[in-house]
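Chains, contacts and geometry: an overview
So you can see what is in the structure, the chains are spelled out below.
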Amino acid sequence: MKTKDNISIILKQALAHHRAGHIDQAKLAYKEILRLSPENPDALHFLGLIAHQNQDYDTAANLIIEAININPNNPIFFRHLGQTFQKQNKWDQAIDSYHQAIKINPKYTEAYNNLGGLFHHRKQLDQAINSFQKSIFLDPNVASTHYILGKLFGEKGESCRALEAYQEAISLNPKYAEAHCEIGDIFQEQGNLDQAINSYHMALYSCPDYVEAHNNLGSVLKRKNQLDAATAAFGKAIEINPQYARAYSNLGATLVEQNKLEEAIRYFKKALSINSSFADAHFNLAITLLLQGKLIAGWEKYEWRWDSIQKSQKRDFKQPLWDGTSLKGKSILVHTEQGLGDAIQFVRYVDLLCDLDTTVIVECQAELKPLFTSIDRIDKLVPKEGKTPNFDVHVPLLSLPHIFGTTLKTIPARIPYLYPDTKADSIFLLDNNHKFKIGIAWAGNSTHVNDHNRSIDLKRFECLLNIGNCEFFSLQVGVRRDDIKQYGYHHIIKDLGKQFTNFHHTASAILQLDLVISVDTAVAHLAGALGKPVWTLLSFIPDWRWMLNRSDSPWYPSMTLFRQKEIGNWSPVFQQIKLALTQCSQN
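A brief structural summary.

Basis of the calculations
- Residues numbered from 1 in each chain as written.
- Predicted model: local features only at pLDDT ≥ 70, side-chain atom pairs only at ≥ 80, totals over all residues.
- Heavy atoms only, no water.
- Phe/Tyr/Trp six-rings, centres within 6.5 Å; stacked < 30°, edge-to-face > 60°.
- Helix = DSSP H or I, 4+ residues; strand = E, 2+ residues; numbered from the N terminus.
- Buried < 20%, exposed > 50% of the residue type's maximum accessible area, 1.4 Å probe, protein only.
- Expected span 1.5 Å × (residues − 1).
- Contact = heavy atoms within 4.5 Å.
- Pairing = 2+ DSSP bridges.
- Axes fitted to C-alpha atoms, helices over the stretch in contact; angles between N-to-C directions.
- Polar contact = N/O pair within 3.5 Å; in protein donor to acceptor, adjacent residues only side chain to side chain.
- Parallel < 35°, antiparallel > 145°, perpendicular 65-115°, else oblique.
- Left-handed = near helix turned anticlockwise from the far one by under 90°.
- Salt bridge = Lys/Arg side-chain N within 4 Å of Asp/Glu carboxyl O.

Take the packing of aromatic side chains next. Counting across every chain of the model gives 19 aromatic pairs. Here Tyr248 and Tyr267 contribute two aromatic rings whose centre-to-centre distance is 6.3 Å and whose plane-to-plane angle is 25°, an arrangement assigned as stacked. With Tyr248 in helix H15 (residues 245-257) and Tyr267 in helix H16 (residues 261-274), this residue pair connects regions lying 19 residues apart in the sequence. Since its relative accessible area comes to 8%, Tyr248 is described here as buried. Tyr267 gets classed as partly exposed once you look at its relative accessible area, which sits at 26%. Here Trp299 and Trp544 contribute two aromatic rings whose centre-to-centre distance is 5.6 Å and whose plane-to-plane angle is 90°, an arrangement assigned as edge-to-face. A residue pair is termed long-range when its members are at least 10 positions apart, and Trp299 in helix H18 (residues 295-302) and Trp544 in the loop between strand S9 (534-538) and strand S10 (552-553) qualify at 245 residues. Each of the two residues, Trp299 as well as Trp544, counts as buried.

As structure tokens, then:
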């Protein structure tokens, strides 16, 4: 038998062993080929692949390079060399290898995919997207490539293009569970909850044990207040994968919404026993502890927010975080975070930065700047969009309670702590009559994760509008101001909000009122900070700061809390308010 024919037979046998996973037999056969033909590029290449499988990347690269030197026109050799360089973190050499493979074979879709994957690893999203789009142009019928393209668009924040890519993947493979799940995530992010549920069900129809789909279905059911169904979905995810920490944490958060706090804490701790650095579980535990009034433990856990819900808002200053040490002779930047109400509630803490030779710089939302100018302890006040002056240390505003070790007994409640200049906004002077003047706000930030529980329909206030000796004024801003006209209340409720351009205006109006009735939004915080009587309407499980089972707030002595007794039921709350308001108006 001729040597060439013999080599061909041995190579077929070697490849059969290789594909079957008989690596040792394959390796012996490749070496036999090299004994017969020392410059056989295929044997060198396949020995390189075995070295790659064994994670001996230096040997793999050397063998594949030797094969390329013998046959420089095989694109597969260059692609596999690129994969080997990638394992060695030799990114530029890997890119060059993939490009060379494509140069030899311009229709080599696998090389485009490898190149796209490498660009993705290097966070070069535009180049990665371009590579996968070229692969799709060459072969548009591969569902997985469309799916990967969707993931890339998602990472780039282009949810519409991601959705199109996932839908294309599903058109090629209707049972593509991961694509259905990703579409569900997009719908959930957009607030299209029913469509999200449908997508997760499609994913589970294709793959009943798809843990992430059960978990994500639970999340959207929780947002719809279908808490029993959400509990079942998270429970199913845990049943399939008892080590799935995220499902335990999400189940705990669902139990919190049902006021089963101790049971919820057990699930948060179970999640942390699986993954001790799981930030979401730490943060959920923080919220629950604060809701229980266990402030010291809650504040400590609350610092995990920067790796959880507020990860994208974390400030990256070169100056260090303040840790509570002496500020004598230093300057500190206190930067607000989260919502406007949070800033109003916690700006009180700047008064505790009491070293007289400390320069206190506060960075806040532009709408709050005119209001915060009344705080004497602030030396410099800058808007978030402006240029930050030099400083020595910095601190997020809501980290101050942790640093100062705030307990229920030591909450700084010197009220008022905001002093707007009433002369500056005389435009808001109300009619000088003897009626009981009530300001109302019924809706908060529509983008807030819990807005569906916090904000209410203006029509709920209708039962109050005919109470004698009362005059009603809207403190509402934004699109929800239109509710006044929509319900025909413009003759009963005077719309002050149309004149507000910042919170100094709102404060000036509140000071002229006798009472504020508000949902959990910045208006309630502002009234409380001004020391005005304020009745705050709270959902069944409110934000952590209002705690549970109390009608007062240690944060605001002039505030009374009116709470739902069951999820979503505002009717008894307004019956209670109507009775209280009737008594106030008579007095």
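For helix H13 (residues 211-223), spanning 13 residues, the distance from its first C-alpha to its last is 19 Å, which sits close to the expected 18 Å at 1.5 Å a residue. Within H13 the residues assigned to the buried category are Val211, Ala213, His214, Asn215, Asn216, Leu217, Gly218, Val220 and Leu221. Next to the buried residues of H13 lie helix H11 (177-190), helix H12 (193-206), helix H14 (227-240) and H15. Of the residues trailing H13, Asn225 is marked for its positive phi of about 60°.

The subject of this paragraph is the sheet that holds strand S7 (residues 493-495). Taken together, seven strands build an open sheet; the order of strands is S7-S6-S5-S8-S9-S11-S10 and the sheet is mixed. In this open sheet, the two edge strands, each paired with only one partner strand, are S7 and S10. Sheet analysis places strand S5 (residues 436-441) next to strand S8 (residues 515-519), joined by four bridges and oriented parallel. By the bridge assignment, Ala441 is partnered in S8 with Ser518. Here helix H25 (residues 522-530) sits on the sheet in contact with S5, S8, S9 and strand S11 (556-563), set at roughly 145° to S11.

Of all five residues making up S8, five are buried, and the element is well covered by its neighbours. Side chains Leu515, Ile517 and Val519 project from S8 onto one buried face, and the interleaved Val516 and Ser518 project onto a second face that is buried too.

Relative to the assigned elements, Glu363 resides in strand S2 (residues 359-364). In this structure the side chain of Glu363 is engaged in a polar contact, spanning 2.5 Å, whose partner is the side chain of Arg315. Contacts of Glu363, omitting those with residues within four sequence positions, involve Arg315, Leu333, Val334, His335, Thr336, Val382, Pro383, Lys384 and Thr388.

On to the sheet that holds S2, then. Pairing in this open sheet of four strands is parallel, and the strands run S3-S2-S1-S4 from one edge to the other. The sheet is open, and its two borders are formed by strand S3 (380-383) and strand S4 (393-396), each paired with just one other strand. The sheet shows a mean angle of 20° between the axes of neighbouring strands, taken without regard to direction. Across five bridges, the pairing between strand S1 (residues 331-335) and S2 is parallel. Looking at S2, one finds that Ser331 is bridged to Thr359.

For the pair H11 and H13, the least separation of the axes is 10 Å and the interaxial angle reads 20°. Considering their axes alone, H11 and H13 lie roughly parallel with respect to each other. The hand of the H11/H13 crossing is left-handed. Residue-level contacts link Cys181, Asp185 and Gln188 of H11 to Glu212, Ala213, Asn216, Ser219, Val220 and Arg223 of H13.

This part is about the pattern of salt bridges. Under the definition given, this model contains 22 salt bridges. A salt bridge links Arg35 to Glu32; the shortest N-O distance between them is 2.7 Å. Pair noted here: Arg35 and Glu32 are both in helix H2 (residues 23-36), with a separation of three residues, about one helical turn. Given a relative accessible area of 58%, Arg35 falls into the exposed group. As a salt-bridge pair, Arg481 and Asp495 come within 2.9 Å of each other at their nearest N and O atoms.

Working note: non-glycine residues mostly have negative phi, and peptide bonds are mostly trans. Cis rather than trans, the peptide bond between Ile415 and Pro416 has omega equal to -5°. The backbone phi angle of Asn549 is positive, close to 55°, even though this residue is not glycine. Mapped onto the secondary structure, Asn549 falls in the loop between S9 and S10.

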